[in-house]
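Each chain, written out:
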Amino acid sequence: MDGFMSKKVLIYKTVETLEQLPEDSIQEIADFAEFVLKKNKDQLHQQHAGESALTQHAMRLSESSLNEDWENEDETHWDSFLE
């Protein structure tokens, strides 16, 4: 909760500072904040896409070794539990 409160305090102080600036400076800061937000969203999206690709690659790599277990005729007695 401390991080949350610190964020609220920082936002409050930033707003107080913004209120003292001329409108063109406020617009410049607003544009920069939007740029930073987009950059963070893009990085998060790339990170998730990379994790997804890595997971899919790992699944493909393990498929052949797992297939040996799934297709093992010695293990057919387990099939009765699926019926």
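Basis of the calculations
Residues numbered from 1 in each chain as written. Predicted model: local features only at pLDDT ≥ 70, side-chain atom pairs only at ≥ 80, totals over all residues. Heavy atoms only, no water. Helix = DSSP H or I, 4+ residues; strand = E, 2+ residues; numbered from the N terminus. Buried < 20%, exposed > 50% of the residue type's maximum accessible area, 1.4 Å probe, protein only. Areas by Shrake-Rupley, 256 points an atom, 1.4 Å probe, with all protein chains shown as cover. Salt bridge = Lys/Arg side-chain N within 4 Å of Asp/Glu carboxyl O. Patch = residues over 30% accessible without salt bridge, like charges linked within 9 Å, V, L, I, M, F, W, Y side chains within 5 Å. Lys, Arg positive; Asp, Glu negative; His and termini not counted. Charge placed at Lys NZ, Arg CZ, Asp CG, Glu CD.

Trainee: Would you take a moment to explain the overall build of the protein chain for this structure?
Mentor: Scanning the protein chain from terminus to terminus reveals two helices and zero strands. When each of the 83 residues of the protein chain is scored for burial, the buried share is 0%. As displayed, the protein chain offers around 8,100 Å² of accessible surface, 58% of which is attributable to carbon and sulfur atoms.

Trainee: Is there a simple way to think about the pattern of salt bridges in this case?
Mentor: Side-chain pairs of opposite charge can arise whenever the charged atoms involved come near each other. In this structure the tally under the stated criterion is one salt bridge. Between K38 and D42 there is a salt bridge, and its shortest N-O distance comes to 2.9 Å. You can see K38 and its partner D42 sitting in helix 2 (residues 23-70), four residues apart, about one turn around the helix. Look at K38 and you get exposed, because its relative accessible area is 53%.

Trainee: Whenever I open this one, a nonpolar patch on the surface confuses me. Can you help?
Mentor: Residues L21, I26 and I29 make up a contiguous nonpolar surface patch of about 200 Å² in total accessible area. Structurally, I29 is set in helix 2.

Trainee: What exactly am I supposed to notice about a negative patch on the surface here?
Mentor: On the surface, a cluster of negative charge is contributed by E23, D24, E28, D31 and E34. Its location among the elements puts D31 in helix 2. Under the relative-accessibility criterion, D31 is labelled partly exposed at 41%.

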